[in-house]
Amino acid sequence: MTRRAVIRGTGHYLPERVVENSWFEGRLDTTDEWIRSRSGIERRHFAAEGQMTSDLGIRAARAALDRAGLTPADIDGIILATSTPDFTFPAVATTVQAGLGIKRGFAFDVQAVCAGFVFALANADAMIRAGQADRILVIGAETFSRIMDWTDRSTCVLFGDGAGAVVLEAQDGAGTSDDRGILSSDLNSDGSYRELLYVDGGVSSTGTAGQLRMQGNLVFRHAVEKLARTAHTALDRAGLTPDQVDWLVPHQANMRIITATAQKMGLPLDKVVLTVADHGNTSAASIPLALSVADGQGRFTPGQVVVTEAIGGGLSWGAVVLRW
Ligand code: UT7
């Protein structure tokens, strides 16, 4: 017998305010056509004034618990991926914990930028397999609109706000790739590339929150090269091959990156979950958002193989392979 971490429920929350590409046309030297053709993004959601990352996370967590048929009392721990916390500390996860009325178990944040949810999922899986918890809420929640430079057309048109969550639950498996649950993961970082994508402020440097800076075309090249490779490595570890993949749920940063990665894996686009057009890049929230949207549409069936992959600031990148 092998302990496995199975997804028992998914949920998400998107702020009410939807901003179409045309909104930027009057403010910057840009066009809907440029944004659409270079990134695949058509619109994104922005949090309301005063709405914090934890508010989004709490709503996503409640939705995931509802779909799982569970209550907050059933949860042993919360791992929340974000790079846009409410405050420097405490962890957003503890605010979500309090918001759900949970008073036991652990709650902490993971910071791996756009790869944050993949890192959080791999950590939650390890904790469940080690017997530290039976049920963990894994959340990706971001308010990237708070760290945009609204005069920088090369970044501010790309990002959006939102949150997604999954409930992971311990179940016994046979220890083979036929088991349901997380089968493998592959996590990587290379800090020598940290200046390709960073925020130019912080507690121990400027004492301010700072704004996002990105050399988009260089990040693009790393993404195309590294994402298919990490997905292949994770599949190898699971004892599976790309032709056995039913769904690719990629980080939703750029339609051209997603298409190139799917092509390298030999997957047709109808096996790829796409939310980039409606959500933009929501960093650590993008994969759980996509998982929840597709799950809500009934697209995943038990036994199907799902691969998630992401890359972001650090650079940090990775993939998780699971059987639904
Ligand atoms: O989620 C974390 C990981 N991040 C990513 O995966 C993002 C990766 N990068 C990308 O998605 C793409 O690089 C972008 C969408 C950011 C940019 O696409 P690109 O094809 O790499 O364009 P580029 O940066 O090479 O810029 C091409 C041109 C430039 O003009 P010149 O120098 O050729 O005259 C830019 O100044 O497009 C210009 N440009 C714009 N034009 C109109 C940049 N932003 C805009 C804009 N509207 N918003």
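For every chain, the first residue of the written sequence is number 1, and numbering continues from 1 along that sequence. Only residues with pLDDT of at least 70 are given local features in this predicted model, and only at 80 or more are side-chain atom pairs given and counted; all residues enter the totals for whole chains, interfaces and linings. Note that water and hydrogens are dropped before the side-chain values are worked out from all heavy atoms of the structure.

J.: Just to check I follow, could you spell out the overall build of the protein chain for this structure?
T.: Scanning the protein chain from terminus to terminus reveals 10 helices and 13 strands. For a compact globule the rule gives 2.2 Å times the number of residues to the power 0.38, and the radius of gyration it is set against comes from C-alpha atoms. Its C-alpha atoms give the protein chain a radius of gyration of 18 Å, within 12% of the compact-globule value 20 Å for 324 residues. In the protein chain, which comprises 324 residues, the proportion classed as buried is 57%. Nonlocal contacts in the protein chain, meaning residues at least 24 apart in sequence, comprise 75% of its contacts between residues at least 6 apart. Per the convention used, a helix needs a DSSP run of H or I reaching at least four residues, while a strand needs a run of E reaching at least two, with both numbered from the N terminus. Exposure categories follow from relative accessible area, calculated using a 1.4 Å probe and restricted to protein chains: below 20% of the type maximum is buried, above 50% is exposed, and the middle band is partly exposed. Should any heavy atoms of two residues lie within 4.5 Å, those residues are counted as being in contact.

J.: It is not clear to me how the UniProt feature "domain: Beta-ketoacyl-[acyl-carrier-protein] synthase III C-terminal" (unreviewed entry) in the protein chain should be interpreted in this structure. Could you clarify?
T.: UniProt positions are given in the numbering used here, feature names are shortened, and annotations may be inferred rather than shown by experiment. Residues given the UniProt feature "domain: Beta-ketoacyl-[acyl-carrier-protein] synthase III C-terminal" (unreviewed entry) here are residues 235-324. In this annotation, residues 235-324 is assigned 32% helix and 22% strand; the end-to-end C-alpha distance for the span is 15 Å.

J.: Please clarify how the sheet that holds strand S13 (residues 316-323) should be interpreted in this entry.
T.: For sheets, the rule is that strands pair by backbone hydrogen bonds, running either parallel or antiparallel. The strand order across the open sheet formed by four strands is S8-S13-S12-S11, and the pairing between neighbours is mixed. Where the open sheet ends on each side, the last strands, each with one partner, are strand S8 (181-189) and strand S11 (247-250). Between one strand and the next, the sheet's axes are offset by a mean angle of 15°, whatever the strand orientation. One requirement defines pairing of two strands: DSSP has to find at least two bridges between them. Taken together, the four bridges between S11 and strand S12 (residues 305-312) define a ladder with parallel strand orientation. Directly across from Val249, in S12, lies its bridge partner Thr308. Contacts from helix H5 (residues 116-129) reach S8, S12 and S13 within the one sheet, and its direction differs from that of S8 by about 130°. Sitting on the sheet, helix H7 (residues 216-238) is in contact with S8, S12 and S13, with an inclination near 140° to S8. Angles run from 0 to 180 degrees between N-to-C directions of axes, and those axes are lines fitted to C-alpha atoms, restricted for helices to the stretch in contact.

J.: How should I be thinking about the site of the ligand in this particular structure?
T.: Near the ligand you find 22 residues, and of these Thr30, Arg38, His251, Asn254 and Asn281 are the closest. Here a nitrogen atom of the ligand sits 3.4 Å away from a polar atom, N or O, in the side chain of Trp34. Polar contact is the term for a pair of N or O atoms within 3.5 Å; when the atoms are in protein, one must be able to donate a hydrogen and the other to accept it, and sequence-neighboring residues count only if both atoms are side-chain atoms. The separation between an oxygen atom of the ligand and a polar side-chain atom of Arg256 is 2.9 Å. Surface accessibility in these figures is a Shrake-Rupley result with a 1.4 Å probe; residues are shielded only by whichever protein chains are displayed. Expressed as a share of its isolated accessible area of 950 Å², the protein-covered part of the ligand is 73%. With respect to the pocket detection grid, the ligand is positioned in the second largest pocket. Contributing elements (two or more residues each) for the shell around the ligand: helix H2 (32-39), helix H6 (153-156), H7 and helix H8 (255-264). Considering every element that reaches the shell around the ligand, the biggest residue donor is H7, with four residues. Nearness here has a simple test: a residue counts as near a molecule or strand if at least one of its heavy atoms is within 4 Å of that partner. For each structure, a 1 Å grid was placed over the protein atoms alone; sets of points admitting a 1.4 Å probe that cannot get out are labelled cavities, open sets with protein on both sides within 12 Å along at least five of seven lines are labelled pockets, and lining residues have an atom within 4 Å of a point. Being in a pocket or cavity means that more than half of the molecule's atoms lie within 2 Å of its grid points.

J.: Please clarify how the domain arrangement of the protein chain should be interpreted in this entry.
T.: Bring the parts together and some accessible area is lost; that lost area is often taken as the interface size. For the protein chain, the assigned domains are domain 1 (2-173) and domain 2 (181-323). Residue ranges assigned to each domain were obtained from an automatic or database domain assignment. Taking only C-alpha atoms into account, the centre of domain 1 sits 14 Å from that of domain 2. Both sides together, the interface formed by domain 1 and domain 2 hides about 3900 Å², and carbon and sulfur atoms give 64% of it. The largest share of the area that domain 1 buries against domain 2 comes from Cys114, Val118 and Ile147, three residues that together contribute 16% of it. The working definition used for a salt bridge is a side-chain nitrogen of Lys or Arg within 4 Å of a carboxyl oxygen of Asp or Glu. Taken together, the links from domain 1 to domain 2 amount to three salt bridges. Put simply, Asp295 and Arg67 hold a salt bridge, and the shortest N to O gap is 3.7 Å. Our count for the domain 1 to domain 2 interface comes out at 18 residue pairs in polar contact (both at pLDDT 80 or more). The element best represented in the side of domain 1 that touches domain 2 is strand S1 (residues 2-13), accounting for eight residues. Accessible-area loss on putting two parts together, using a 1.4 Å probe and summing over both, is the definition of buried area adopted here.

J.: Please explain the environment of Val138 as it appears in this structure.
T.: Take Val138: it is sitting in strand S6 (residues 135-143). Using a relative accessible area of 0% as the deciding quantity, one classes Val138 as buried. Along the backbone, Val138 and Val6 are 132 residues apart, and their C-alpha atoms lie at a distance of 12 Å. For Val138, the residues in contact, after removing those within four places along its chain, are Ile79, Phe117, Ala120, Leu121, Ala124, Gly164, Ala165, Val166 and Leu168.

J.: Is there a simple way to think about helix H10 (residues 286-296) in this case?
T.: The periodicity of an α-helix, 3.6 residues per turn, causes residues three or four positions apart to be oriented the same way. Counting buried positions over the 11 residues of H10 gives nine, a clear majority of the element. Within H10, the full set of buried residues consists of Ser286, Ile287, Pro288, Leu289, Ala290, Leu291, Ser292, Ala294 and Asp295. Looking one or two places after H10, you find Gly298, whose phi comes out positive at around 70°.

J.: Before we go on, may I ask you to explain the layout of surface pockets in this structure?
T.: The method is simple in principle: a probe with the dimensions of a water molecule rolls over the atoms, and the space it marks as empty is what remains. By volume, the largest pocket is sized at about 860 Å³. Along its surface, the largest pocket is lined by 31 residues, and Ser83, Pro85, Gln111, Val199 and Ala209 are the ones closest to its centre. Where the lining of the largest pocket is concerned, the elements lending two or more residues are strand S5 (106-110) and strand S9 (197-199). If one sorts the elements of the lining of the largest pocket by residue count, S9 sits on top with three residues. Residue classes follow a fixed rule: Ala, Val, Leu, Ile, Met, Phe, Trp, Tyr, Cys and Pro count as nonpolar, while Asp, Glu, Lys and Arg count as charged, and any other residue, Gly among them, counts as polar. A per-class count over the lining of the largest pocket returns 16 nonpolar, 10 polar and five charged. Residue assignment places the lining of the largest pocket across two domains, with domain 1 (2-173) and domain 2 (181-323) each supplying three or more. Grid points are joined across faces, edges and corners, and a volume is the space filled by probe spheres set on the points. Considered as a void within the structure, the second largest pocket measures approximately 560 Å³ in volume. Leu158, Met214, Gly216, Phe220 and Asn254 are the residues nearest the centre of the second largest pocket, which is lined by 28 residues in total. Put simply, the parts of the chain that give the lining of the second largest pocket at least two residues each are H2, H7, H8 and S12. Of the residues forming the lining of the second largest pocket, the biggest block, six residues, is contributed by H7. Residue classes in the lining of the second largest pocket are distributed as 15 nonpolar, 10 polar and three charged. The residue makeup of the lining of the second largest pocket includes at least three contributed by each of domain 1 (2-173) and domain 2 (181-323).

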